[in-house]
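Each chain, letter by letter, is given below.
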Amino acid sequence: MASLQESLQRFKKQQEKCQSTLSSIASRAGPSKAAPPRPMVANAKSPAPAVKFSNDTERLQHINSIRKAPVGAQIKRVIDLLLETRQAFTPEQINEACHVDINGNKAVFDSLRNNLKVYYDGNRFSYKSKHALKNKDQLLILIRKFPEGIAVIDLKDAYPTVMEDLQALKGAGQIWLLSNFDSQEDIAFPNDPRVPIKVDDDLKQLFRGIELPRDMLDIEKDLQKNGMKPATNTAKRRAMAQVHGIVQKPKTKKKKHEISKRTKLTNAHLPELFKL
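The Function (unreviewed entry) comment attached to the protein chain in UniProt states, word for word, "Recruits TFIIH to the initiation complex and stimulates the RNA polymerase II C-terminal domain kinase and DNA-dependent ATPase activities of TFIIH. Both TFIIH and TFIIE are required for promoter clearance by RNA polymerase."

See the structure below:
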């Protein structure tokens, strides 16, 4: 009986000590909005299970994997954010938006600051396109400065709706969009409808009768021999493709269909012959 009494006394002293410690912590932390502790009741319900240290472990692991990724992968993530939003971000805002800690990684910061696609004003980062355009009117003015043509790939990132505006200008007859024979990339050429040009039929036939080389390199060499500057640089593009490990598929020659007695001959491919 005496040992039980001593155990109760020790328990009461521990409770008083804990209560005193909690009171001192509360006084140092200031007033709290938390409800006062309820007195212990014999039939009280068991307290709710304690909250774990982190309920979003998956999110934290994702952030950690981003910050441990190579510098190039982190740079791409930031540039994609700047391109998609077209807004200027501070390093803190970039960290919050895509979890790339620029201030905590000097290599990422320096690479991003010196990137050709990024503009840094000393405080914020923003996307920098090759041509600073904002609308369709400025786009048309730029294309008219390149009578030899300008690659559409250099215009794609000018502003969000640039591709729609290119199609609108083409539909209005203000520009031409022609595909590159070798890379299948479009080239935009200016077209001024105020200057109508009439071409003789003999010249048309002569033009259509010229067989172009299969390789775009040969076309560019012929243009340079005749004093014209090609709108493309196939040698440079192929060298860059090899650096990045892009393998070009060999072009298969189409089988020529021989004309037989059952072949139906038409002039549908020559619509100008039917003009009166």
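1. A word on the sheet that holds strand 3 (residues 150–151)
The strand order across the open sheet built from three strands is 3-5-4, with neighbouring strands paired in antiparallel fashion. A single partner strand is all that each edge strand has here, and the edge strands are strand 3 and strand 4 (175–179). As paired elements, strand 4 and strand 5 (residues 186–190) share five bridges and run antiparallel to each other. Across the sheet, Trp176 pairs through a bridge with Phe189, a residue of strand 5. Strand contacts of helix 6 (residues 136–144): strand 3, strand 4 and strand 5, with the helix running at about 85° to strand 5, the strand carrying the most contacts.

2. A few points about the side chain of His131
Mapping His131 onto the fold places it in the loop between strand 2 (125–127) and helix 6. For His131, a relative accessible area of 15% translates into the label buried. Setting aside anything within four residues of it in sequence, one finds His131 in contact with Leu142, Ile150, Asp154, Leu155 and Ala158.

3. Some remarks on helix 7 (residues 162–171)
Among all positions in helix 7, only Val162, Asp165, Leu166 and Leu169 are buried. What you see down the axis of helix 7 is that its buried residues fit within an arc of 105°, all on one side. For helix 7, exposure combined with an orientation more than 90 degrees from the buried face picks out Glu164 and Gly171. Tucked into the core, helix 7 has its buried residues touching helix 6 and strand 4. Positioned one or two residues after helix 7, Gly173 has a phi angle of 75°, which is positive.

4. What to know about the environment of Leu142
Looking at the secondary structure, you find Leu142 in helix 6. Taking C-alpha positions, Leu142 is 9.9 Å from Leu155, a pair spaced 13 residues apart along the chain. Once residues lying within four places of it in the same chain are set aside, the contact partners of Leu142 are His131, Leu133, Ile150 and Leu155.

5. Quick word on the pattern of salt bridges
The tally for this structure, following the rule as stated, stands at six salt bridges. Arg113 serves as the salt-bridge partner of Asp110, at 3.3 Å between the closest nitrogen and oxygen. Of this pair, Asp110 and Arg113 both sit in helix 5 (residues 106–113), three residues apart, which is roughly one turn of that helix. Among the residues examined, Asp110 registers a relative accessible area of 18% and is labelled buried. A salt bridge links Asp215 to Arg238; the shortest N-O distance between them is 3.0 Å. Linking Asp215 in the loop between helix 8 (201–208) and helix 9 (216–225) with Arg238 in helix 10 (residues 234–243), this pair joins segments that are 23 residues apart in sequence. The exposure class of Asp215 is partly exposed, given its relative accessible area of 27%.

6. Concerning the packing of helix 3 (residues 71–85) against helix 5
In the contact formed by helix 3 and helix 5, the axes pass within 10 Å of each other and the chain directions differ by 50°. Here helix 3 lies oblique to helix 5, going by the angle between them. Both helix 3 and helix 5 take part in a crossing whose hand is right-handed. Between helix 3 and helix 5, the residues in contact are Val71, Gln74, Ile75, Val78 and Ile79 and Ala107, Val108, Ser111 and Leu112, respectively. Residue composition of the contact of helix 3 with helix 5, by class: seven nonpolar, two polar and no charged.

7. Here's the deal with unusual backbone geometry
Note on backbone geometry: most residues besides glycine have negative phi, and most peptide bonds are trans. Here the phi dihedral of Arg86 falls at roughly 55°; this positive angle occurs in a residue that is not glycine. With respect to the helices, strands and loops of the structure, Arg86 is situated in the loop between helix 3 and helix 4 (91–98). Among the residues examined, Arg86 registers a relative accessible area of 30% and is labelled partly exposed. Despite not being glycine, His99 has its phi angle at roughly 65°, a positive value. Assignment of secondary structure puts His99 in the loop between helix 4 and helix 5.

Rules of the game
Residues numbered from 1 in each chain as written. Predicted model: local features only at pLDDT ≥ 70, side-chain atom pairs only at ≥ 80, totals over all residues. Heavy atoms only, no water. UniProt positions renumbered as here; feature names shortened; annotations may be inferred. Pairing = 2+ DSSP bridges. Helix = DSSP H or I, 4+ residues; strand = E, 2+ residues; numbered from the N terminus. Contact = heavy atoms within 4.5 Å. Axes fitted to C-alpha atoms, helices over the stretch in contact; angles between N-to-C directions. Buried < 20%, exposed > 50% of the residue type's maximum accessible area, 1.4 Å probe, protein only. Arc of directions from axis to C-beta. Salt bridge = Lys/Arg side-chain N within 4 Å of Asp/Glu carboxyl O. Parallel < 35°, antiparallel > 145°, perpendicular 65-115°, else oblique. Left-handed = near helix turned anticlockwise from the far one by under 90°. Nonpolar A, V, L, I, M, F, W, Y, C, P; charged D, E, K, R; others polar.

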